[in-house]
Amino acid sequence: SFGNATLREAHTNRSPYAYDFNPAEWKDKYDSNQDDSFSLIKFEESGASKAFASFYAVHGTALSANNTLTSVDNKGLAALWYEQEAEPDSLPGQNSFIAGFIQASVGDTSPNTLGARCEDGSPCDYETSTCIGSNGKNTTSTCIGRGPGFGDEAARELSPTGGYDWRSNEIIARLQVDAAKGIMDRTDLLSLSGTVKSAKMNVDMNSYTFTLPN
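All values derive from a computational prediction rather than experimental measurement. (Residues numbered from 1 in each chain as written. Predicted model: local features only at pLDDT ≥ 70, side-chain atom pairs only at ≥ 80, totals over all residues. Heavy atoms only, no water.)

Caption draft 1: Examining the pairing of strand E5 (residues 98-103) more closely. As defined by bridge partners, strand E4 (residues 48-56) adjoins E5 across six bridges and the pair is classed as parallel. Across the sheet, the residue bridging to Phe55 is Ile102, located in E5. With respect to chirality, the unit in which E4 leads through helix H3 (residues 73-86) into the neighbouring parallel E5 is right-handed. (Pairing = 2+ DSSP bridges. Helix = DSSP H or I, 4+ residues; strand = E, 2+ residues; numbered from the N terminus. Right-handed = clockwise from strand over helix to strand, strands pointing away.)

Next comes the structure, spelled out in structure tokens:
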């Protein structure tokens, strides 16, 4: 069965300046500058829920670049939490229920929902996403995105990297878990039937060539 919901709080458009170049008649079709749809396909067998595949557009970059630990970011944490809550007696990887949190039409959908800020806390330049660095010139490296956990000092003390990003990652993951639960609990989902198929393709980009128009 299939259902969807609207989830606005778990992402933000990191380049609204670029989005605003779209024609007005095109933008008038939408009430947001990004895809806020959270869609889910629910799989059942003999009347029991076995798995779901959900699709939502948010970058897997809630953890900052200074994180040196192996991580699956907000998508993987959402899957881990949902599966643990569905089967609390099963160890990770040994559960039978599968929660799929899959990337959708991601575009500029950043998990840094508090926006990008300069080191002094002022907003980054709207057009160039830059800040004036110590050399007196505008640089992108000093324009840093802030996730929803920014400022949570209690969480920062527990972070293995000493940053707010771990808390931000948890918030973005939890919003997706809650959205999935909301759909899974509904009784008005669109019924589907048929065979489930999948395809996987690996592309060696080292051998891929293309010519630019210019």
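Caption draft 2: Examining the packing of H3 against helix H5 (residues 165-184) more closely. The geometry of H3 relative to H5 is characterised by a closest axis approach of 8 Å and an angle of 50° between their N-to-C directions. By the angle class used here, H3 and H5 are oblique. Here H3 runs over H5; the crossing is right-handed. Counted together, Asp73, Asn74, Lys75, Leu77, Ala78, Trp81, Tyr82 and Glu85 of H3 and Asn169, Glu170, Ile172, Ala173, Arg174, Gln176, Val177, Ala180, Lys181 and Met184 of H5 form the full contact between these two elements. (Axes fitted to C-alpha atoms, helices over the stretch in contact; angles between N-to-C directions. Parallel < 35°, antiparallel > 145°, perpendicular 65-115°, else oblique. Left-handed = near helix turned anticlockwise from the far one by under 90°. Contact = heavy atoms within 4.5 Å.)

Caption draft 3: Broad picture of the packing of aromatic side chains. On inspection of all chains with the given rule, the structure shows 12 aromatic pairs. Residues Tyr19 and Trp26 carry aromatic rings whose centres are separated by 6.2 Å and whose planes lie at 55° to one another, so their mutual orientation is tilted. Note on Trp26: relative accessible area 34%, which makes it partly exposed. A ring pair is formed by Tyr82 and Phe101, whose centres lie 6.5 Å apart and whose planes are at 55°; its orientation type is tilted. With Tyr82 in helix H3 and Phe101 in strand E5, the pair connects residues that are 19 residues apart, well separated along the chain. Its relative accessible area of 9% is what places Phe101 among the buried residues. In this structure an aromatic cluster arises from ring pairing among Phe52, Tyr82, Phe97 and Phe101. Over the face of the ring belonging to Tyr164 we find Arg156, whose NZ or CZ atom lies 4.5 Å from the ring centre. (Phe/Tyr/Trp six-rings, centres within 6.5 Å; stacked < 30°, edge-to-face > 60°. Buried < 20%, exposed > 50% of the residue type's maximum accessible area, 1.4 Å probe, protein only. Lys NZ or Arg CZ within 6 Å of the ring centre and 35° of its normal.)

Caption draft 4: The pattern of salt bridges, seen in detail. Tallied over the entire structure, the rule returns 11 salt bridges. Linking Lys27 and Asp20 is a salt bridge whose minimum nitrogen-to-oxygen distance equals 3.7 Å. Taking the relative accessible area as the measure of exposure, Lys27 reaches 24% and is therefore partly exposed. Here Asp20 falls in the partly exposed class, since its relative accessible area comes to 42%. With a shortest N-O distance of 3.9 Å, Glu44 and Lys42 are connected by a salt bridge. Exposure remark for Glu44: the relative accessible area of 47% places this residue in the partly exposed category. Connected through salt bridges with shared partners, the residues Glu85, Arg174, Asp178 and Lys181 form a single ionic network. (Salt bridge = Lys/Arg side-chain N within 4 Å of Asp/Glu carboxyl O.)

Caption draft 5: View of H3. Relative to the 20 Å expected for 14 residues at 1.5 Å per residue, H3 spans 20 Å between its end C-alpha atoms, a close match to the ideal helical length. As for H3, its buried residues are in contact with E4, E5 and H5. (Expected span 1.5 Å × (residues − 1).)

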